[in-house]
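So the chains spell out like this:
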Amino acid sequence: MKNIISILSRFFQIELSENEINTLSSGDIRRIKMVNTIGLIGILNLSFYGILYCFIDASTYFVAIAFYFSCAILTFGILLLNKQRLFNLAKILLILIFPLYLAINSTLLFGKAANSQVYILLFALIPLFVYSFKQKSYLIGFIGLNLIIYCSIEFFPAFTEPIYKLPSNYTEFLRSLNVFIAFMGAFIAILFFKKFSNQIEEQLIKQSVELKKSQEHRDLVYSIIAHDLRSPFNGLVGISELLVTKFEALDKEKTKSYLAAMNQSATNLNNLLVNLLDWSKMQSGNLKTNFQPFRLKQPIDEVIYLLNDLTEGKRLTIFNEIDSESIVVADLYMVSTIARNLLTNAIKFTPQGGSIALKSKWMGNFIEISIADSGIGIPENIIGSLFSSHSNYNVTGTNNEKGSGLGLKICNDFVTAHGGKIWVESEVNKGSCFYFTLPAQG
């Protein structure tokens, strides 16, 4: 029975639009689904009785059979109304059909012998499930209507003779069947509420996780704005103020060194802003991707060229051994960003006269890229959490270069977006080697 209801419920499931999901409360969505579930139970119940009386004696019980199937078709209209977004009308029809159906069944068709009027007390509870407690007029009105119908049948004799009498050999069977159906209806209602409660709990957990991530995102952004952005801004303001106030007294070489420092601060500021924007877009899901095949060496060469001033300033040697035939299926901008961040870090933490080596090799359906430096290395206890959004590892470079630690978080997110992996092997004072994989063209 549970599987039948589940299959039919999925078949008639209302696909709420995004706007409706945003505007309807979880309680409204629950009530809409409850109307559908009760309607489906009603259709199955009415159809069952119609079929049952067909087997007993179709010619004798023709009126009852026609009545049951007519009510089933009318109940089907509840599902159609919900599909047409006429939610309130569907509720009203649901609450009116069943007590009126039971009233006719308990008077005109079989009289009080069927004892079906007791179900009206059960259906008197339906308004509590399909209306909110704010809609007191609906609740009181429909519950009162059901009670009036029940009392009229139970305590006052019917004015018409029943059309049928219950077949004597089916009397106990039908009564037992009514009890079974009542229990099944209650069981299905319990399953519905249990399933809905689990969905709400999962939704709350998901929202809690998303809220925590959002708060971490906000805190990190605030931290970067408060500390990492302020430092290069202060550098720019300080040096530019010095150039303005003492320009005439400065010689050519001194002026050039100040301008170089300004350029470095501006470059750091630009890189930080680009990283911050990329990471924020990635966290909010607004960063568009364009996966396409291209030669891996192309963006790597461009990044090395863009960072040439930094490498020359520290007299570093770059060994670019990226295979010119390696073709990846990736987002070109993301790959450039990954390479820029990892290479910038390698430059930052490698002392004067050091070296950096870039290599690539095939690893099944992926290409592994490595960027190794002869720098200061990373402590072993830091490596495990280096790419985590919770990590606050932030070390000044060998020439006092500043950083926010955001670059590695972006690298991790971008590599993960490609289905790849990123990791690092390092030893203090002996250098580090960062690895990441990208999908290769098949």
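Note that residues are indexed from 1 along each chain, following the sequence as it is written. Local features are withheld for residues below a pLDDT of 70 in this predicted model, meaning they are given only at 70 or higher, and side-chain atom pairs are given and counted only at 80 or more; totals for whole chains, interfaces and linings count all residues. Excluding hydrogens and water, the side-chain values take into account all heavy atoms of the structure.

### Some points on the overall build of the protein chain
Put simply, the test is: Counting from the N terminus, the helices are the DSSP runs of H or I reaching at least four residues and the strands are the DSSP runs of E reaching at least two. Using a 1.4 Å probe on the protein chains alone, a residue whose accessible area is under 20% of its type maximum counts as buried, one over 50% counts as exposed, and one in between counts as partly exposed. By definition in these notes, contact holds between two residues if any of their heavy atoms fall within 4.5 Å. Calculation of accessible area relied on Shrake-Rupley with a 1.4 Å probe; when residues are assessed, cover is drawn exclusively from the protein chains displayed.
Of regular secondary structure, the protein chain possesses 16 helices and 7 strands. Looking at the protein chain residue by residue over its 442 residues, the buried ones come to 41%. Partitioning the contacts of the protein chain with sequence separation of at least 6, the portion at a separation of at least 24 is 74%. Of the roughly 24,700 Å² of accessible surface on the protein chain, a fraction of 61% belongs to carbon and sulfur atoms.

### A word on unusual backbone geometry
Positive phi values are uncommon outside glycine, yet Arg315 reaches one of about 50°. By secondary structure assignment, the location of Arg315 is in the loop between helix H13 (308-313) and strand S2 (317-321). Residue classification places Arg315 among the exposed positions, given a relative accessible area of 59%. The backbone of Asn429 shows a phi angle near 70°, a positive value even though the residue is not glycine. In this fold, Asn429 is placed in the loop between strand S6 (422-427) and strand S7 (431-439).

### So, the packing of helix H12 (residues 297-306) against helix H14 (residues 332-348)
Rules: Axis definition: a line fitted to C-alpha atoms, over the contacting stretch in the case of helices. Angles run 0 to 180 degrees between N-to-C directions. For classification, angles of less than 35 degrees are called roughly parallel, those exceeding 145 degrees roughly antiparallel, those between 65 and 115 degrees roughly perpendicular, and all remaining angles oblique. Put simply, a crossing is left-handed when the front helix is turned counterclockwise from the back one by less than a right angle, and right-handed when it is turned clockwise. Charged means Asp, Glu, Lys or Arg here, nonpolar means Ala, Val, Leu, Ile, Met, Phe, Trp, Tyr, Cys or Pro, and polar covers whatever is left, Gly included.
One way to put it is that H12 packs onto H14 with a least axis distance of 9 Å and a crossing angle of 45°. Between H12 and H14, the interaxial angle falls into the category oblique. Here the hand of the crossing between H12 and H14 comes out right-handed. Contact with H12, carried on its side by Gln298, Pro299, Ile300, Val303 and Ile304, involves Leu332, Val335, Ser336, Ala339, Arg340 and Leu343 of H14 and no other residues of that element. Here the contact of H12 with H14 is composed, by residue class, of 8 nonpolar, 2 polar and 1 charged.

### Quick word on helix H16 (residues 406-417)
This is how it is decided: By this rule, a helix spans an expected 1.5 Å times one less than how many residues it contains.
Its 12 residues place the ends of H16 17 Å apart at the C-alpha level, agreeing with the 16 Å of an ideal helix rising 1.5 Å per residue. Counting buried residues along H16, 9 of its 12 residues qualify, which places the element largely inside the surrounding structure. Where H16 is concerned, the buried positions are Leu406, Gly407, Leu408, Lys409, Ile410, Cys411, Asp413, Phe414 and Val415. Downstream of H16 by a residue or two, Gly419 has a phi angle that is positive, lying close to 80°.

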